[in-house]
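Spelled out from the first residue to the last, the chains are:
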Amino acid sequence: MAFSIALVLSLALLMTGGAAIAQAAPPRTVTVTDLSGEVDPDALEAELATVDFRTEVHLVVLVLDVAELGFSPSSDGSLDSAVRAYAGDTAPELLHSNGVGYAEGTVILALDTTNRFVGVYAGQDVELRGGGPADVQQAMRKDARAGKWEQALLAGAETYADRLSRPWWRGAGGMLLAAVLILAGGAGLTHLLRLRRGILEDVDEADNRHAQVLSARTLTDRAARELPEDSAYAYSAHRAHQEYTAGITTLQQLRDQLPDTGQRGALWGLVPAQQKLGREYAQTLTQVDALGDEVRISSDLLTLRGGWREQWENELEPLHDSLAALQDNCFHSRSMPRAEAEAAAALVDRGPRIAQELDDLTARLDAEEITADAALHRLDEITRQLSAEVAELRSRRISRLADDHDEEGVLWDSADALGAVPYRSVRERRHTREAAGRGEQDTFWSISPVRWYVLWHGGSYAALADQRAREADRGGSGSLRSGRGRGVRTGFSRPGRRAGRSSGGRSRSGSSSRF
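A brief structural summary. Every value quoted in this text rests on a predicted model; they were computed, and no experiment measured them. (Residues numbered from 1 in each chain as written. Predicted model: local features only at pLDDT ≥ 70, side-chain atom pairs only at ≥ 80, totals over all residues. Heavy atoms only, no water.)

1. Focus: the layout of surface pockets
The rolling of a water-molecule-sized probe over the atoms marks out the regions of remaining empty space.
Here's step 1: What the largest pocket holds in volume is close to 2100 Å³.
Here's step 2: The wall of the largest pocket is formed by 46 residues, among which Asp76, Thr286, Gln287, Ala290 and Arg514 lie closest to the centre.
Here's step 3: Every element with two or more residues in the lining of the largest pocket is listed here: helix 5 (132-145), helix 8 (188-215), helix 10 (234-257), helix 11 (272-303), helix 12 (308-325), helix 16 (426-438) and strand 5 (510-514).
Here's step 4: Broken down by element, the lining of the largest pocket gets its largest block of residues, 13 residues, from helix 11. (1 Å grid on protein atoms, 1.4 Å probe; cavity = no way out; pocket = protein on both sides within 12 Å on 5 of 7 lines; lining within 4 Å. Points joined across faces, edges and corners; volume = space filled by probe spheres on them. Helix = DSSP H or I, 4+ residues; strand = E, 2+ residues; numbered from the N terminus.)

Below, the structure written as structure tokens:
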């Protein structure tokens, strides 16, 4: 009894000492935007307004469908890009004034109920470090899998609030405090048990899938052996198979460190090291499963067997999206000067010819008149040609808008911040691996160049306007007018800068995953 009292008094002292950094605060504002009609915004806003953060934040919930915003549901980075695009097009106040990342004090929870994505994004001053974003996504998954969308978002907000500016006595090294909370019946018990339950569910689900992944190894190894030896596109699949084989070994090593279901004690899963082990096991299984899929899909396509036709459509999708993007107003504006208008018109004129060629390639593949390698090579040629034309058009736009070198830099930086238009295809995986081996490149390339340009075009003027507003605040001469051109660049990349290329769609100030 005396020991329990001493523990409670110790807890009281810790809580008092940490009050200055642990003081609860409700969100400054709560905004729920549901583009999919899945939640009750008013009711959810009322619930979220009661969540206690340790600092005032602008809490934003976005429920959307990445496909409706023009992004591929098959790409793991689509939610990151969709949230960024939504903010740029509809809610620019969510973006930082420098055009990179999200506004200070902003926390965004995103959910795609159709394509099963959850994501978390934040301004740098309230961004979670380390495994914080992964913990928030994990907290959302259970209810999301059950279709309980409001509960999933509430769980994400509560976990974010718990992780934000967490005082030292609630960190990974404070398991003594966790024991105090358990013995004292404190409020932390519920949270700890929720974390433990989530880890156990993730491990149990991974165990159920583990046998399926291992049973597919024979098919995966055979698919790797059947990759054409003379295929320029098989390299990426061979690399994936190497990573797959190593991942199988790592997966088994992690599983050997985990107790079987019947051997777990009542407290197993409360210790951070156990949570980390369970999380790594589940994540490694997901990665190995994805690598196996990549090998089998690539083999089907390159040998024109099995489900090759579906994968071929995935290869066409980035170019189809670029052709659709040619209808955007930015290619038909009457305010463009002659040189820029001519470059835009040349792109638009090529659209129908490219569309016809894509149909012809598909027909020739169906008739087995050409190899998959030849067809993929032609898609790459079209992609490089479109990338070069987009590079020229972008250079002309920068020269027209920028008044000085600082403004040019802002426009180049806005392209770097946009990064990639995310897709997953045999061609993109090949380009990504080869580009990583070469290092920084000065030649612009995007898997969907025209769509990339439309996204950049929409945010470039906003970035420039922000720069001019900052200059005006400092007493400069910046204004919101368009600048005079001083000549046209012929290259796309800014000297000394990394060229924009497709790299998977990961956001600089947040992340997403599937549930």
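The discussion continues.
2. Observations concerning helix 17 (residues 449-473)
Here's step 1: Given a rise of 1.5 Å per residue, 25 residues ought to cover 36 Å, and the 36 Å separating the end C-alpha atoms of helix 17 matches this to within 8%.
Here's step 2: At glycine 459, helix 17 shows its strongest bend, of approximately 25°. (Expected span 1.5 Å × (residues − 1). Bend = angle between axes of the 7 residues up to and from the residue.)

3. So, the packing of helix 12 against helix 13 (residues 338-366)
The angle between the axes and the distance between the axes are what describe a pair of packed helices.
Here's step 1: Close contact between helix 12 and helix 13 brings their axes to 11 Å; oriented N to C, the two are set at 175°. As judged from the angle between their axes, helix 12 and helix 13 are roughly antiparallel. Here helix 12 contributes Trp308, Arg309, Trp312, Leu316, Leu319, His320 and Leu323 to the contact with helix 13, which in turn contributes Gly351, Ile354, Ala355, Leu358, Leu361, Thr362, Leu365 and Asp366.
Here's step 2: Looking at the contact of helix 12 with helix 13 residue by residue, the class counts come to ten nonpolar, three polar and two charged. (Axes fitted to C-alpha atoms, helices over the stretch in contact; angles between N-to-C directions. Parallel < 35°, antiparallel > 145°, perpendicular 65-115°, else oblique. Contact = heavy atoms within 4.5 Å. Nonpolar A, V, L, I, M, F, W, Y, C, P; charged D, E, K, R; others polar.)

4. Let's talk about the pattern of salt bridges
Here's step 1: On inspection of all chains with the given rule, the structure shows 28 salt bridges.
Here's step 2: Aspartate 207 serves as the salt-bridge partner of arginine 255, at 2.7 Å between the closest nitrogen and oxygen. Taken as a pair, arginine 255 in helix 10 and aspartate 207 in helix 8 lie far apart in primary sequence, 48 residues in all.
Here's step 3: Residue arginine 309 is joined to aspartate 366 by a salt bridge in which the shortest nitrogen-to-oxygen separation is 3.0 Å. (Salt bridge = Lys/Arg side-chain N within 4 Å of Asp/Glu carboxyl O.)

5. Let's talk about helix 10
Side chains three or four residues apart in an α-helix point the same way, a direct result of the helix having 3.6 residues per turn.
Here's step 1: Relative to the 34 Å expected for 24 residues at 1.5 Å per residue, helix 10 spans 35 Å between its end C-alpha atoms, a close match to the ideal helical length.
Here's step 2: Here helix 10 has its buried residues at Ala234, Ser236, Ala237, Ala240, His241, Tyr244, Gly247, Ile248, Leu251, Leu254 and Arg255. (Buried < 20%, exposed > 50% of the residue type's maximum accessible area, 1.4 Å probe, protein only.)

6. Some words on the environment of serine 75
Here's step 1: Structurally, serine 75 is set in the loop between strand 2 (58-63) and helix 4 (78-89).
Here's step 2: For the pair serine 75 and serine 425, spaced 350 residues apart in the sequence, the C-alpha separation amounts to 9.0 Å.

7. Considerations on the side chain of glutamate 315
Here's step 1: The topology assignment puts glutamate 315 in helix 12.
Here's step 2: Assessed through its relative accessible area of 0%, glutamate 315 is described here as buried.
Here's step 3: A distance of 2.7 Å separates a polar atom in the side chain of glutamate 315 from the backbone nitrogen of valine 426.
Here's step 4: With residues near it in sequence (within four places) discarded, glutamate 315 still touches Leu301, Leu376, Leu379, Ser425, Val426 and Arg427. (Polar contact = N/O pair within 3.5 Å; in protein donor to acceptor, adjacent residues only side chain to side chain.)

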